[in-house]
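Chains, contacts and geometry: an overview
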Amino acid sequence: MALDIIIGAQWGDEGKGRITDLLAAQANIVARYSGGDNAGHTVTVAGEIFKLHLIPSGIIHPGVICLIGNGTVINPAVLLREMEALAARGVDVGPHRLKISRNAHLITPAHVALDKAREAHRGSDPIGTTLRGIGPAYTDKASRVGLRAELFDDPEGLADRMEIHIQGANETLTKIYGAEPLDSAAIAAEFTAYAQRLHPYLVDGSVLIDQALRHGRDVLAEGAQGTFLDLDHGTYPYVTSSWPTAGGALIGLGVGPNKVRRVIGVAKAFTSRVGSGPFPCELSGDEAVRLRGTGANPWDEYGTTTGRPRRVGWLDVVLLRHAVRINGLTELAITKLDILSGLKKVPVCVAYERHGEQLEHYPTDLRVLAECQPVYEILDGWQEDVTGARTLTDLPVNARHYVEFIAAQTETAMTYISVGPGRDQVIQV
Ligand code: IMP
Ligand code: MG
């Protein structure tokens, strides 16, 4: 019937996985539209934790078809490992459930090696990538020399193209970066084996989605990363190499804008970021530890993919307003409200100040952003545990005020408030 899109409204790790999990139950197809295994989505079902990187979180729901869309980049070795891990826990990952768009691009060992070499070459100013080969794979796509998943149907063609690709990358790796060359024949053979296992999964993703929509079914586009990691609309160059925003969902799946119903922005009740780049509301010291956690809990702020401690700060509604505009958000979902329980005061950044002037819009120029100071409005905190709340009226009045304040500041309706990692720990407004 319609396409709903789930978008990260911050720098990723907003808890999109759990909102996807919630909506996937009603969907016929759940599709990833951008990024690759740089993503890390944690979903908790009946106390069991699933960490997914490439396969849409919808896979946990029996009967839902999961599509890895054309806008993604796929490392087949990682995909197969993830499929095996799910299968070992009784999740069906057969080709009737999991589908790969023929025109998704492949990540090769050369892309991973180039990602590492380029990051090392940046010295003291790295992007802080996940080192999964994401940037180099998208670079090859834009340069029109990439390898697409459709080659799984043509193992010989794939092997030939792979040898040429690796030999070309070896020139760069050895001559520019002084790195070791890769064994092109061995990699070609490795990918021939992947092709044999993965070719039954290939589909035309756009046609698959169109057919579902024509049959009156719902399709859910599952975002990875977040608005501020978007190649165009994020904190360039400290971004990922794809388009995690709503426009990216349409390109990354081959769907027209007239099919879109809801665009749900997911934001954490505070802000976090992994990797380098500007972060106006960043905290340090005890305040940061308070928001980040110590790493003892699975939901503490440590990267799902890299294990890095995340940088954290108070909620920034200047960012959220940008996300609302760029994505055309129809609503917001707030996650991890429970983490703020017990604070006396909860600051929220409502504007940036630069040279004595207040900025209304998020500045896209990093030089301007670097000169911005957050302007905080200090809200009263709440001491009560909110993890048992299932309706708005279950929330302490200050927690409710916090949520209403965000909705008012962003002029966007709040439709979900998550108050804990469990599947049922959510308020649906
Ligand atoms: P890349 O996507 O590996 O090239 O990394 C580029 C930037 O995006 C780095 O700052 C990463 O930390 C960040 N990034 C990539 N994927 C995610 C994610 O899923 N969550 C949060 N940050 C991410
Ligand atoms: Mg994540």
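Throughout what follows, the structure given in this document is the object of discussion. In this text the structure is predicted, and so the values were computed from the model without any measurement.

**So, the site of ligand 1**
Every one of the 17 residues lining ligand 1 counts as a neighbour, but Asp13, Asn38, Thr130, Thr240 and Arg308 are closest to it. At 2.9 Å, a side-chain N or O of Asn38 approaches an oxygen atom of ligand 1. Between ligand 1 and Val274 there is a distance of 3.2 Å, counted from an oxygen atom to a backbone nitrogen or oxygen. The fraction of the free accessible surface of ligand 1 (470 Å²) that becomes covered by protein chains is 96%.

**What about helix H7 (residues 205-214)?**
For H7, the complete set of buried residues consists of Gly205, Leu208, Ile209, Ala212 and Leu213. Viewed end-on, H7 has its buried residues packed into an arc of 130 degrees, placing them on one side of the element. One side-chain oxygen at the N-terminal end of H7 lies 3.1 Å from the backbone nitrogen of Ser206; it belongs to Asp204. Two residues or fewer past H7, Gly216 is found with a positive phi of approximately 80 degrees.

**Considering the pattern of salt bridges**
Two side chains of opposite charge can pair, provided their charged atoms sit close to one another. One pass over the structure, following the stated rule, counts 22 salt bridges. Across the salt bridge formed by Arg367 and Asp365, the nearest N and O atoms sit 2.9 Å from each other. For Arg367, a relative accessible area of 65% translates into the label exposed. With relative accessibility at 29%, the residue Asp365 sits in the partly exposed group. Connected through shared salt-bridge partners, Asp13, Lys268, Glu301, Arg310 and Lys336 make up one network.

**Quick word on the packing of aromatic side chains**
Enumeration according to the criterion identifies five aromatic pairs in this entry. When the ring of Trp11 is compared with that of Phe279, the centres are 5.1 Å apart and the planes differ by 50 degrees; the resulting orientation is tilted. With Trp11 in the loop between strand S1 (3-8) and helix H1 (16-24) and Phe279 in the loop between strand S12 (271-273) and helix H9 (285-292), the pair connects residues that are 268 residues apart, well separated along the chain. For Trp11, a relative accessible area of 2% translates into the label buried. Both rings, one in Trp382 and one in Tyr402, keep their centres 5.8 Å apart while their planes meet at 55 degrees; by these two values the pair is tilted. Residue Trp382 is found in the loop between strand S18 (373-380) and helix H12 (397-410), and its partner Tyr402 is found in helix H12; the two are separated by 20 residues along the sequence. Per residue, the accessibility class of Trp382 equals that of Tyr402, and both read buried. Taken together through their ring pairs, the aromatic side chains of Trp11, Phe228, Phe279 and Tyr362 make up a single cluster. One residue, Arg89, lies across the ring of Phe50, its end atom 4.1 Å from the ring centre.

**What to know about the sheet that holds strand S9 (residues 202-203)**
Spatially, S9-S7-S5-S2-S10-S1-S11-S15-S19-S20 is the arrangement adopted by the ten strands of the open sheet, whose pairing is mixed. Whereas interior strands pair on both sides, the edge strands pair on one side only; in this sheet they are S9 and strand S20 (426-428). Inspection of the sheet shows strand S15 (residues 331-335) paired to strand S19 (residues 414-418) by three bridges, in the parallel sense. Residue pairing in the sheet places Ala333 in a bridge with Tyr416 of S19.

**Overview of the coordination of the magnesium ion (ligand 2)**
With distances of 2.0 to 2.4 Å, the protein atoms coordinating the magnesium ion (ligand 2) are Asp13 (OD) and Gly40 (O). Taken as a pair, Asp13 in the loop between S1 and H1 and Gly40 in the loop between strand S2 (29-32) and strand S3 (41-45) lie far apart in primary sequence, 27 residues in all. In this structure Gly40 comes out as buried when scored by relative accessible area, which is 13%.

**Description of the side chain of Glu82**
Along the chain, Glu82 turns up in helix H2 (residues 76-88). The buried charged residue Glu82 lacks any salt bridge, with Arg32 as its nearest oppositely charged partner at 6.7 Å. Among the polar contacts listed, one links the side chain of Glu82 to the backbone nitrogen of His53, at a separation of 3.0 Å. In this view, Glu82 contacts Leu52, His53, Leu54 and Ile55; residues no more than four positions away in its chain are not counted.

**Quick word on unusual backbone geometry**
A negative phi angle is the norm for most residues apart from glycine, just as the trans form is the norm for most peptide bonds. Note the cis peptide between Tyr236 and Pro237, where omega equals 5 degrees. If you check the backbone angles, Lys336 has positive phi at about 60 degrees while not being a glycine. Within the secondary structure layout, Lys336 lies in the loop between S15 and strand S16 (345-354). Residue Lys336 is classed as buried on the basis of its relative accessible area, which comes to 16%. In this model, His355 sits at a positive phi of 50 degrees, which is unusual for a non-glycine residue. Relative to the elements of secondary structure, His355 occurs in the loop between S16 and strand S17 (357-359). Residue classification places His355 among the exposed residues on the basis of a relative accessible area of 63%.

About the criteria used
- Residues numbered from 1 in each chain as written.
- Chains lettered and ligands numbered in written order.
- Predicted model: local features only at pLDDT ≥ 70, side-chain atom pairs only at ≥ 80, totals over all residues.
- Heavy atoms only, no water.
- Near = heavy atom within 4 Å.
- Polar contact = N/O pair within 3.5 Å; in protein donor to acceptor, adjacent residues only side chain to side chain.
- Areas by Shrake-Rupley, 256 points an atom, 1.4 Å probe, with all protein chains shown as cover.
- Buried < 20%, exposed > 50% of the residue type's maximum accessible area, 1.4 Å probe, protein only.
- Helix = DSSP H or I, 4+ residues; strand = E, 2+ residues; numbered from the N terminus.
- Arc of directions from axis to C-beta.
- Salt bridge = Lys/Arg side-chain N within 4 Å of Asp/Glu carboxyl O.
- Phe/Tyr/Trp six-rings, centres within 6.5 Å; stacked < 30°, edge-to-face > 60°.
- Lys NZ or Arg CZ within 6 Å of the ring centre and 35° of its normal.
- Pairing = 2+ DSSP bridges.
- Donors = N, O, S within 2.8 Å, 3.2 Å for Na, K, Ca; no water.
- Lys, Arg positive; Asp, Glu negative; His and termini not counted.
- Contact = heavy atoms within 4.5 Å.

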